[in-house]
Each structure stands twice: as C-alpha cells, then as structure tokens.
Amino acid sequence: MFMKRQLAATAAILVTTALLATGCSGGGGDSGAAAGKGDELKGLTGVIGSKDFSEQYILAYLTSDLLNAHGANLTTNTKLVGSANTRQALIDKQFLGYWEYTGTAWITYLKNTQPITDPQKQFDAVAEADLAQNSVKWLDPAPLNNTYAFAVRSSQAKKLGVKTLSDVAKLPKAEQTFCIESEFSTRDDGWPGLKKAYGIDVPDSNVKLLDTGVIYTATQKGADCNFGEVFQTDGRIKALDLTIMKDDKQFFPVYQGAFTLQNAVFEKYPKIADVMAKLSPLLTTEQMQELNAKVDVDGEDPADVAKQFLKDKGLI
C-alpha cells in the first residue's frame, strides 16, 4: 500500500536490534541453500527484509528462496513496520537487501518533489542517485508498478462509459463520487493534485474518507462512491471485479519495484544480479495482483505462495 510504503516512511517506530536479530517470520527463505540450482552465491549470508504488507512479504520470500537455491544462506525478516524502518535497516547494514519502489525512493528518501513520468528514466535517476548518495545498489526492476489508481465496479464502468480519469472528470457531478484515504486527501501527489490535473470540481459531500481496506469493498458495493482509490497490484481489484481507470495524463508517480541491496554486498557477489534477473521480469503488475490475491483474498501464507511460484516457474 502507498500509505505503508510512502507515508509510513515518516513513522517514528524504533528499529530494535533484538527485532532484527530474529531474522525470520516462518516459511520460505529460512531453510538454507536449496539443492540443484547452483552454488555461485556460496558464502552469501544475511537477512532479506520487507515492509509490512502482503506484496512485500511475498517479494522477500521469493528473493531469499531464489538466492538460497544458488548457494546463499539467507534468512527473511518481515517483522518491521513502515518504509522508514525497513530502509534504515538496509542503510545500517542490518538487512542485506529488500524490495523498494522507485517513486518512494525518489520522493521520500532522495527528497525530490517532482516525479519522472517515464518509468525507465525514473528508475535510472533513482538508481544513480541512491548509489552515489547512499551506496544502495538497485538491480534491474520488475515490470510491476504498484502506484495509485482509481477503480470502479466493472458493471458501473460499462454503464457510465468510462475508461480514463479524463472520462471520469466529464461525468455529471452526481456520478463523480469518490472513496479515498485521509492522507491521500491532503497530498499534492494525491487528491488536491489529481483534481487540479484533471479539472475535477466536486463538493466535499462527493468524497468519502475511508480506511484502505474498506475502500475496495465500498467501491464494489457502490453505495458510498463510484470510484475508489486503490493500488494497481492489489489482488482485490480482480477478486472484486473492479476496473482501473487509466491515468491518461500520467499524474501519479511510477512505483516500479526493484530489489535494492548494500552496494558492498553486490560488489562482492555480483552474480546476485544474474540470479535475480531470472525472477524480476516475471513480476508484472498482473502477476503481482494474482500473487497478492492468494494472500489477501484466499488467506494463503506469503512464504508458501512465494515458494510455489518459484517451483511453478522452475526457479527452485
């Protein structure tokens, strides 16, 4: 979630050595090197971290299991809360690495105010700056983009004839009803900026402030709003038969996912990039929706979901 990725980056939650030292939360990535795939990463030890939501858990287990299958001996820690703590654990060398999003790094960590709309240019800018300023190495990104979006139940999208946010802005005001998070309502890269970019001019009564999880079900029911603020890789989009409105003016930042790690570790074990290149291209937005749904909708364990995916793809 954006709020867990981006806004939690300001949370004042203490990162404790004891918590980091636990090094695991069950399941995948904690059983040592898997047999049969190679030993080019033999000697590589440490902790793969994550932020505190399902997609991040899955990504952490995918990474630790895959690297372990190539000779590493890594554990997985999914216990930290918030982007700030996870990032700090990497900077402090308590985490070997974790998956980050380009928009989060560019705006929150690197303190830029304007996102770059082209995904490749945004990635290149983040990777160059983060390496130079913080000795953080970004490996080639996955195609997934876990950015903001607005969704509507599919039947209503057909009824209203809308496919883009520009279409939404042209609807009668009575149909322009929105469910959003409270923090989104005040951010320049949230509701205020979106309204300005698309010329949306509705009364406050057309906007409901709801918790993240509630927005999905409220949007599906259609009682509180037609259009709900969601995140593109969330598995509930497909499960609830919601349709994403295209951000045709490219207002929202790109949140492309990539594995980030200590550059010193990368320099010692450069073949990490070759191993991760087997996985990252498979992780499209649609694929992450499916994997996230297994956890958020079906109730499966993230470690099990990750391990099964790697097995299905012949990676472990």
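This section reports on the structure supplied with the text. The residue numbers shown here count from 1 along each chain, following its written sequence. Local features in this predicted model are restricted to residues whose pLDDT is 70 or higher, and side-chain atom pairs enter the listing and the counts only when it is 80 or higher, whereas totals over whole chains, interfaces and linings include all residues. Computation of side-chain values covers all heavy atoms of the structure but excludes hydrogens and water.

With that settled, consider the nonpolar core. The term nonpolar core refers to a set of buried residues drawn from Ala, Val, Leu, Ile, Met, Phe, Trp, Tyr and Cys, joined through side-chain atoms within 4.5 Å. Here the term buried applies to any residue with accessible area under 20% of the maximum for its type, exposed to any over 50%, and partly exposed to those in between, with areas from a 1.4 Å probe on protein chains only. In this structure, Leu44, Leu62, Ile272, Met276, Leu279 and Leu283 are the most contacted members of the largest nonpolar core, which totals 54 residues. If you tally residues by element for this core, the top one is helix α3 (residues 54–68), at seven residues. Ignoring anything within four residues of it in the chain, the contact list for Leu62 reads Leu279, Leu283, Ala306, Phe309 and Leu310. Only DSSP runs of H or I reaching four residues or more are called helices, and only runs of E reaching two or more are called strands; each is numbered from the N terminus. Any two residues whose heavy atoms approach within 4.5 Å are treated as being in contact.

So, about the pattern of salt bridges. Salt bridges are counted wherever a side-chain nitrogen of Lys or Arg sits within 4 Å of a carboxyl oxygen of Asp or Glu. Following the criterion strictly, the structure yields four salt bridges and no others. Note that Arg87 and Asp130 form a salt bridge whose closest N and O atoms lie 2.7 Å from each other. In this pair, Arg87 sits in helix α4 (residues 83–91) while Asp130 sits in helix α6 (residues 119–134), placing the two residues 43 residues apart along the sequence. Of the charged contacts, one joins Asp234 and Arg236 as a salt bridge, the two residues approaching to 2.8 Å between their closest N and O atoms.

What follows is about the state of the cysteines. Two cysteine sulfur atoms form a disulfide, by the criterion used here, when they sit within 2.5 Å. Following the criterion strictly, the structure yields one disulfide and no others. Paired by a disulfide, Cys179 and Cys225 hold their sulfur atoms 2.1 Å apart. The S-S bond linking Cys179 to Cys225 shows a torsion near -110 degrees; that makes this disulfide left-handed. Pair noted here: Cys179 is in strand β6 (residues 178–180) and Cys225 is in the loop between α10 (212–221) and β8 (227–231), with a separation of 46 residues, a long-range link.

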